[in-house]
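Close look at the chain arrangement
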Amino acid sequence: MTDDPSVVVAPPLPSAGSSLHRRDFVRLLGGGIIVLFNADLSDLLGQETRTRGYPTDFNAYLRIAGDGRVTIYSGKIEMGQGIVTSLAQMAADELAVSLNSIDMVMGDTALCPFDNGTYGSMSTRFFGPALRAAAAEAKAVLLTLASEHLKTPPDTLSVEDGMVFLTSDRKTRVTFGQLAKGQKIVRTLDGKAVTKSVPEFRVMGRPEKRRDARAKVTGRAQFAGDIRPPGMLFAKVLRLPAHGAALKSVDTSAAARLPGVVVVNEGGMVAVLHTDPEAAEKALALIHADFDVPGPAFDDKTVFAHLLSVAGEGEEREKKGDLAEGEKRSVSLFEGKYVNGYGAHAPIETHTALARLEGGTMTVWSSTQTPFPSQQAIAQAIGFAVENVRVITPFVGGGFGGKSAGLQAIEAAKLAKLTGKPVQVCWSRAEEFFLDSFRPAAVVRIRSGLDGAGRICLWDYQVYAAGSRSSEQFYDVPNNLIRTYGRWGSEIPKMHLFATGPWRAPGANLNVFARESQIDAMAAKAKVDPLEFRLNNTSDKRMRRVLEAAAGRFGWKKAVAPSSRGVGVACGIDAGTYVALMAEVSVDAATGSVKVGRIVCAQDMGVVINPDGAKMQMEGCVMMGLGYTLSEEVRFNGGRILTRNFDTYEVPRFSGMPEIETVLVKNDELTPQGGGEPAIVPVGAVVANAIFDATGARLFQMPMTAERVKEALK
Amino acid sequence: MRENSISFRLNGKPIRLDVDGDRTLLWVLRTDLGLTGTKFGCGESLCGACTVVVSKEAVRSCQVPMKAVRGKDVTTIEGLAPNGKLHPLQEAFADTGGLQCGFCTPGMIMNAYALLLKTPKPTRSQIRAGMDDNLCRCAAHHRIVQAIERVSAPA
Ligand code: FES
Ligand code: FES
């Protein structure tokens, strides 16, 4: 493997931050051939949130410089999902250049155009097609230039490896660099560029090694906490003991007596800073503070009743037929209530930022999924004009939807402004658990019915606090109603005591757990094999294909559950991708502990750009999913978060690793769909169904801890 | 010898530091020495992100006071590829995709490095047991095991 300097995720410390005005933007781009493009549905929807001063008709661009190098500028960030590689693959293929000649500049508000953020499996789905079109457009420009240069019509020319040549005589040729040199051609993508079809792929569709791998295995990859400007201070901020608490009085005199400590007490923020982070920690422990703490309103056990009590009216999401009619036709009725507590993101890298004030510009290196919204929030918090704040996003050590609020970046910027020194804020693990925006605790209630022919004729679905994602009906149910009561993004007042937010496939994990558990219960009652029951009840072709593909690989043998074999099936749709899982588990009846031995995951995600990357995401989804399924739950009492570290918040480990087999179901007719989240959504359901098959006990609450399984076995 | 002077070997080279012996190795590496490849993840010996190798043993550097490394041999991720040539484990992690965000990766590799020093040909269950206290939130476990197996498998 060669050293790969072409992955420029985090430019090194620049001498000074640069600000950006709209009129300067195109001038700043420098020479070459530039194609501006808009690559994000979410950005189109969120136009009004854009920063004044930023161009509004594109959110990324591609540039071919006079040396022939291709650079993609995008506000998206790399947090492990692999877009540093997959996006470069797309551009390389459409442009007909080698992967090595592509550089990526990402997540830097001074160099990249506005972008709303990196979340929701959107990068490949929306960004990808636009990037490919931009690259195809650039190639068309190059062809025209080459045709003038070589004085021959474009249709006599071919393009390969950064070079345009006469098809009949490869020696008559010109390089991209020669063509781009001295040019200043700016195109805005108009949607007419023709991109490659799947059989024409050269770089896409091929397994490609991660371009950031070398930096990451050598420890050279820089994360926000690794930026080390001279004179920097490490800050520790005084936290409330509970959400909803208020600071009554504070005495920092003992802390201030520690040599080298800087104490800040301003505008409600109390912090201690030191050149040694451990000394700052010691100083923090010396602060005496009194708080008003409200009495606990509810806790991790009573939260579900609370959610139902504040739920209010709800919204209808999907309606078909008539529930009363469905009930009339039902020969058996089923009622299920499924619950799931709060979940933490718990990335191994805690929220971290380094802020430095220089020449009137506040530059913040931040571990964030949303550099541009964060730039605005920082500017507002420190009273700077937006263009005088620059957010640079180095590699992000995992996000999963949790690195969006950016409080740590605001804290670092405030402290850098107050002290005049570069300041790092790196949350402790306890702070990370306290300040996280949790996946909301949530409840799903389902009333369903089967008719005399074993077909589902009633589906009355209500979801509280999780939102509707992946609750969409794909079974053929004539009488179907889906209602939601509060969701992240539009929470019902007083529903939660602390921040909630998106967590890898927000809401979908519980929705699929509930639906697929209920389906399984109906199959068992009808005495039909659970796979057959699903196939009998859905005519959705993509779903049938992934179910059949999973069954083929798994070696599914027909039986009515519980068969005591411990096998289960579950399926779902998320981010346009169809996924079916089959699992094999064993349950220790004495302890209730569940061991997942094998999981097969079959997925139809449309055209696959990087099959190896896609499989890696599927394996990661399954493995991460076992955490929410079996062990992860935030403990709290009122506003106090009792979960403080990984000893009580148990994330998946090597010892719990099943054999994971992945199957990509070919579907080249469909543009690429989401890959970072879909496979996680049926994990809870497939394990619950396999536990039922093993023991005859059905679990209605996730995580399915040993204690809960034991209880269910009674 | 000055009370606060601590001599040890770091990545194969002798080094002497004037530091308080109660400070932890993790933060001395990351701040005083600028070796930021070793990561902070939990501060309580619960995640393994800070793993380095001290005299052939994988240790959690967030729990090791400087006075405990006096006279010892400390190897960090930066010491595995001293001349730019990757250690076979690093090659294998990169090739198999045993990383996603990469934040747990230095700790994973150092833990695996110590595991293989002790058990050059571990079984899969020895690998799982030996790596169990290193957490990877991106859930790259599958590929990490493959990477370690690739290095340790008989040629
Ligand atoms: S930081 Fe040392 S084990 Fe987590
Ligand atoms: S690769 Fe992200 S934590 Fe392991």
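Residues numbered from 1 in each chain as written. Chains lettered and ligands numbered in written order. Predicted model: local features only at pLDDT ≥ 70, side-chain atom pairs only at ≥ 80, totals over all residues. Heavy atoms only, no water.

Describing the overall build of chain B
A tally of regular secondary structure across chain B gives five helices and five strands. Along chain B, helices (α) and strands (β) appear in the sequence β-β-α-β-β-β-α-α-α-α when read from the amino end. Against the compact-globule benchmark of 15 Å for 155 residues, chain B has a radius of gyration of 15 Å, which places it among compact chains. Sorting the 155 residues of chain B into buried and exposed places 60% on the buried side. Across chain B, the fraction of contacts at a sequence separation of at least 24, relative to all contacts at a separation of at least 6, is 58%. (Helix = DSSP H or I, 4+ residues; strand = E, 2+ residues; numbered from the N terminus. Rg over C-alpha atoms; globule rule 2.2 N^0.38 Å. Buried < 20%, exposed > 50% of the residue type's maximum accessible area, 1.4 Å probe, protein only. Contact = heavy atoms within 4.5 Å.)

Points about the interface of chain B and chain A
Facing the 49 residues of chain B at the interface are 60 residues of chain A. Taken together, both faces of the contact between chain B and chain A bury some 4,700 Å²; the carbon and sulfur share is 58%. Applying the counting criterion to the chain B and chain A interface returns eight salt bridges. Residue Glu619(A) is joined to Arg143(B) by a salt bridge in which the shortest nitrogen-to-oxygen separation is 2.8 Å. Our enumeration of links across chain B and chain A arrives at 27 residue pairs in polar contact (both at pLDDT 80 or more). If you list the elements that add at least two residues to the side of chain B that touches chain A, you get α1 (25–32), α2 (88–96), α3 (105–118), α4 (124–131) and α5 (141–152) of chain B. (Buried area = accessible area lost by both parts, 1.4 Å probe. Salt bridge = Lys/Arg side-chain N within 4 Å of Asp/Glu carboxyl O. Polar contact = N/O pair within 3.5 Å; in protein donor to acceptor, adjacent residues only side chain to side chain.)

Comments concerning the sheet that holds strand β22 (residues 480–485) of chain A
Residue and element names in this part refer to chain A. If you trace the six strands from one edge of the open sheet to the other, you get β14-β22-β21-β20-β15-β29, paired in mixed fashion. Of all strands in the sheet, those bounded by a partner on one side alone are β14 (315–320) and β29 (701–702). As judged from the six bridges shared by strand β21 (residues 456–464) and β22, these two strands associate in the parallel manner. Paired with Asp-460 across the strands is Leu-481, a residue of β22. Relative to strand β20 (residues 442–450), helix α9 (residues 303–310) is tilted by about 75°, and along the sheet it contacts β15 (332–340), β20, β21 and β29. (Pairing = 2+ DSSP bridges. Axes fitted to C-alpha atoms, helices over the stretch in contact; angles between N-to-C directions.)

Let's talk about the domain arrangement of chain A
Residues and elements named next belong to chain A. Domain annotation of chain A identifies domain 1 (22–217), domain 2 (226–293 + 351–426) and domain 3 (303–343 + 438–713). The tally of links from domain 2 across to domain 3 stands at zero salt bridges. Connecting domain 2 to domain 3 are one residue pair in polar contact (both at pLDDT 80 or more). Looking at the side of domain 2 that touches domain 3, its residues break down into four nonpolar, three polar and no charged. (Domains from an automatic or database assignment. Nonpolar A, V, L, I, M, F, W, Y, C, P; charged D, E, K, R; others polar.)

A short note on the environment of Gly66(A)
Residue and element names in this part refer to chain A. Within the element layout of this structure, Gly-66 appears in the loop between β2 (60–64) and β3 (70–74). Counting along the chain gives 112 residues from Gly-66 to Gln-178, while the straight-line C-alpha distance between them is 6.5 Å. Not counting chain neighbours up to four residues away, the residues in contact with Gly-66 comprise Gly-177, Ala-180 and Lys-181.

Focus: the packing of helix α14 (residues 508–525) of chain A against helix α15 (residues 530–537) of chain A
Residue and element names in this part refer to chain A. Between α14 and α15, the least distance of the axes is 9 Å, while the angle of their chain directions is 105°. By the angle class used here, α14 and α15 are roughly perpendicular. Here α14 contributes Glu-516, Ile-519, Asp-520, Met-522 and Ala-523 to the contact with α15, which in turn contributes Pro-530, Phe-533 and Arg-534. Within the contact of α14 with α15, the residues separate by chemical class into five nonpolar, no polar and three charged. (Parallel < 35°, antiparallel > 145°, perpendicular 65-115°, else oblique.)

Quick look at the pairing of strand β4 (residues 57–60) of chain B
In regular strands, side chains alternate between the two faces of the sheet. Relative to β4(B), strand β3 (residues 51–54) of chain B runs antiparallel, the two being bridged by four bridges. Following the sheet pairing, Val52(B) is matched in β4(B) by Val59(B).

Describing the environment of Gly406(A)
Mapped onto the elements of the fold, Gly406(A) is located in the loop between β18 (389–392) and α12 (407–419). Considered as a pair, Gly406(A) and Lys595(A) are 189 residues apart in the sequence and their alpha carbons are 37 Å apart.

So, the packing of aromatic side chains
All names here are of chain A. Using the criterion set out here, one finds 19 aromatic pairs over all chains in the structure. Measuring from ring centre to ring centre gives 5.3 Å for Phe-438 and Phe-498, while their planes differ by 90°; the resulting arrangement is edge-to-face. In this pair, Phe-438 sits in the loop between α13 (429–435) and β20 while Phe-498 sits in the loop between β22 and α14, placing the two residues 60 residues apart along the sequence. Across the pair, Phe-498 and Phe-438 agree in class, each one buried. (Phe/Tyr/Trp six-rings, centres within 6.5 Å; stacked < 30°, edge-to-face > 60°.)

Things to note about the confidence of the model for chain A
In this model, chain A carries an average pLDDT of 89, and 91% of its residues clear a pLDDT of 70 or more. Of the regions scoring below 50 in pLDDT, residues 41–56 of chain A engages in 39 contacts with residues more than four places distant in sequence or in other chains. (pLDDT = per-residue confidence, 0-100.)

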